[in-house]
Amino acid sequence: MGEVIVITSGKGGVGKTTTVANIGTGLAKEGYSVVLVDTDIGLRNLDVVLGLENRIVYDIVDVANGHCRLKQALIRDKRLESLYLLPAAQTKDKTAVTEEQMKELCQKLKEDFDYVIIDCPAGIEQGFKNAIAGADRAVVVTTPEVAAVRDADRVIGLLEAAGLNEPDLIINRLRPDMVKQGNMMDIDDIIDILAVDLLGVVPEDEMIVISTNKGEPAVLDSRSNAGEAYRNIAKRITGEDIPIMLLEANEGIMALFKRLIGRKK
Amino acid sequence: MLELLQRLFGRDEADKSKNVAKERLRLVLVQDRCSISPHILEALKEDMIGVISKYLEIDEKGLEVNFNNEDNCLALVASIPIVRMKRTYNENK
């Protein structure tokens, strides 16, 4: 019996879908069987991030309503044999699936897969409730900004009210150079405020934009810093004890030079 | 000149935008987290009446319980009109 993990955030644009694609790919690369479920009905994106947009025939709403069998809607990844996607519908809305249907779906999927990773829509309305309905554990993604951390706090409260206790936190898009200058909240600041366990820290990385352009998750790219962080997160999810990467400010020659001749404003 | 020196040797802590962010976040979360549901507030009121009535005779209708958010700290403020003091606690056991 597998485990159902919902990836959520409250605020949009913090990197939920990217996180789902990378964690899922990372887990599959470790040899686990993984299915990624996009519950953002009406605004499906996970297929594009994974580069699987041209292969969709059926979607989650078709499965929930019995228009097709579950196996027919699952799309196998191009690169990894043990990775599958259950896409969201693009034409319906969040009410097209019920919480009961989601629970049933998760139950079925975890019979066949080691990990069922659910991409939750932004917000805390029906789409959120559906996404968390069948989950065994939750991961909250935030960025080091006031609005994102505030929404993460709200979501953590709602998750705990729904019985998903002690969600783990991923801090995304951290910029070590800005942290060093005192212009970005640090890991400890955020953990202190939210009082949750840290699952990982992902540095801001241009490679994410490039990999999303190509539809190839950065976790497969050994040169990407963010990819490295996601590989570690995937391993931590499986129970491996991997220390949090200490992010060094990568200052570059120019910044170093500027520091030598005088402090930057 | 002093300003220039401050810049050269790093600015004081409070100036850093991360500390501004932290403080704003702390304040906003105090408010967010205290939005307690009316149902829970009502239950809290009833329990308070129960406990206080053991010691004092109070005007239950005049009881007011609210959250107060001033000076960056959150407080539970209760106004409880006392009708009469009970002479001894044991008598009512």
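Residues numbered from 1 in each chain as written. Chains lettered and ligands numbered in written order. Predicted model: local features only at pLDDT ≥ 70, side-chain atom pairs only at ≥ 80, totals over all residues. Heavy atoms only, no water.

Novice: I would appreciate a short explanation of the packing of helix 7 (residues 146-161) of chain A against helix 9 (residues 187-194) of chain A in the present structure.
Specialist: All names here are of chain A. Following both chains from N to C, one finds helix 7 and helix 9 inclined at 35°, their axes separated by 10 Å at the closest point. Like other packed secondary-structure pairs, helix 7 and helix 9 cross with a definite hand, here right-handed. For the pair helix 7 and helix 9, contact is made by V149, A152, D153 and I156 and by I190, I193 and L194, respectively. (Axes fitted to C-alpha atoms, helices over the stretch in contact; angles between N-to-C directions. Helix = DSSP H or I, 4+ residues; strand = E, 2+ residues; numbered from the N terminus. Left-handed = near helix turned anticlockwise from the far one by under 90°. Contact = heavy atoms within 4.5 Å.)

Novice: Looking at this model, I keep getting lost on the packing of aromatic side chains. Mind explaining?
Specialist: The geometry of an aromatic ring pair comes down to the distance between the two centres and the angle between the two planes. All names here are of chain A. Counted under the stated rule, the structure contains two aromatic pairs over all chains. A centroid spacing of 5.4 Å and a plane angle of 75° characterise the contact between Y32 and Y115, whose relative ring orientation is edge-to-face. Of this pair, Y32 sits in the loop between helix 1 (16-29) and strand 2 (34-38) while Y115 is found in strand 5 (residues 115-119), placing the two residues 83 residues apart along the sequence. The class for Y32 is partly exposed, based on a relative accessible area of 27%. Pairing Y84 with F113 gives two aromatic rings, centres 5.6 Å apart and planes at 65°, and the pair type is edge-to-face. A residue pair is termed long-range when its members are at least 10 positions apart, and Y84 in strand 4 (residues 83-86) and F113 in the loop between helix 5 (99-112) and strand 5 qualify at 29 residues. A relative accessible area of 8% places F113 in the buried class. (Phe/Tyr/Trp six-rings, centres within 6.5 Å; stacked < 30°, edge-to-face > 60°. Buried < 20%, exposed > 50% of the residue type's maximum accessible area, 1.4 Å probe, protein only.)

Novice: Can you help me understand the layout of surface pockets in this one?
Specialist: Any empty space left between atoms is shown by rolling a water-sized probe over those atoms. Residues and elements named next belong to chain A. Each pocket or cavity is described by its volume, and for the second largest pocket that value is around 400 Å³. Residue lining of the second largest pocket: 26 residues in total, with V14, G15, K16, T18 and R173 positioned closest to the centre. Elements supplying a minimum of two residues to the lining of the second largest pocket: helix 1, strand 7 (168-174), strand 8 (197-203), helix 10 (206-214) and helix 11 (225-237). The element best represented in the lining of the second largest pocket is helix 10, accounting for four residues. Along the lines of polarity and charge, the residues of the lining of the second largest pocket split into eleven nonpolar, eight polar and seven charged. (1 Å grid on protein atoms, 1.4 Å probe; cavity = no way out; pocket = protein on both sides within 12 Å on 5 of 7 lines; lining within 4 Å. Points joined across faces, edges and corners; volume = space filled by probe spheres on them. Nonpolar A, V, L, I, M, F, W, Y, C, P; charged D, E, K, R; others polar.)

Novice: I keep staring at the pattern of salt bridges and nothing clicks. Help me out?
Specialist: When their charged atoms lie close together, side chains carrying opposite charge are able to pair. In the structure shown here, the tally under the stated rule is 17 salt bridges over all chains. The closest approach of N and O atoms between A:D189 and B:K22, which form a salt bridge, is 3.1 Å. With A:D189 in helix 9 and B:K22 in helix 2 (residues 17-33), this residue pair bridges two chains. B:E23 serves as the salt-bridge partner of B:R26, at 3.3 Å between the closest nitrogen and oxygen. With B:R26 and B:E23 both in helix 2 and three residues apart, the pair spans about one turn of that helix. For B:E23, a relative accessible area of 33% translates into the label partly exposed. Sharing partners across several salt bridges, the network here consists of A:E3, A:R137 and A:D168. (Salt bridge = Lys/Arg side-chain N within 4 Å of Asp/Glu carboxyl O.)

Novice: Please clarify how the interface of chain B and chain A should be interpreted in this entry.
Specialist: Size of an interface, as often reported, equals the accessible area lost when the parts are brought together. Opposite the 15 residues of chain B that make contact, chain A presents 15 residues. Carbon and sulfur atoms supply 60% of the area that chain B and chain A bury against each other, a total of about 1500 Å² over both sides. Taken together, chain B and chain A are joined by four salt bridges. Of the charged contacts in the structure, one is a salt bridge between A:R150 and B:D32, with a shortest N-O distance of 2.6 Å. Joining chain B to chain A, the criterion identifies eight residue pairs in polar contact (both at pLDDT 80 or more). When residues of the side of chain B that touches chain A are traced back to their parent elements, those giving at least two are helix 1 (2-8) and helix 2 of chain B. With ten residues, the top contributor of residues to the side of chain B that touches chain A is helix 2 of chain B. Class assignment of the residues belonging to the side of chain B that touches chain A gives a composition of five nonpolar, two polar and eight charged. (Buried area = accessible area lost by both parts, 1.4 Å probe. Polar contact = N/O pair within 3.5 Å; in protein donor to acceptor, adjacent residues only side chain to side chain.)

Novice: Can you walk me through empty space enclosed by the protein in this structure?
Specialist: Residue and element names in this part refer to chain A. Evaluation of the coordinates by the stated rule reveals two cavities of 30 Å³ or more. Here the largest cavity defines a volume of roughly 40 Å³. Taken together, G200, V201, A229, N232, I233, R236, I244 and M245 form the lining of the largest cavity. Contributions of two or more residues to the lining of the largest cavity are made by strand 8 and helix 11. With four residues, the top contributor of residues to the lining of the largest cavity is helix 11. Class assignment of the residues belonging to the lining of the largest cavity gives a composition of five nonpolar, two polar and one charged. Its boundaries defined by the atoms lining it, the second largest cavity holds a volume of some 30 Å³. For the second largest cavity, the full set of lining residues is G26, K29, E30, V219, R231 and A234. When contributions to the lining of the second largest cavity are tallied by element, the ones reaching two or more residues are helix 1 and helix 11.

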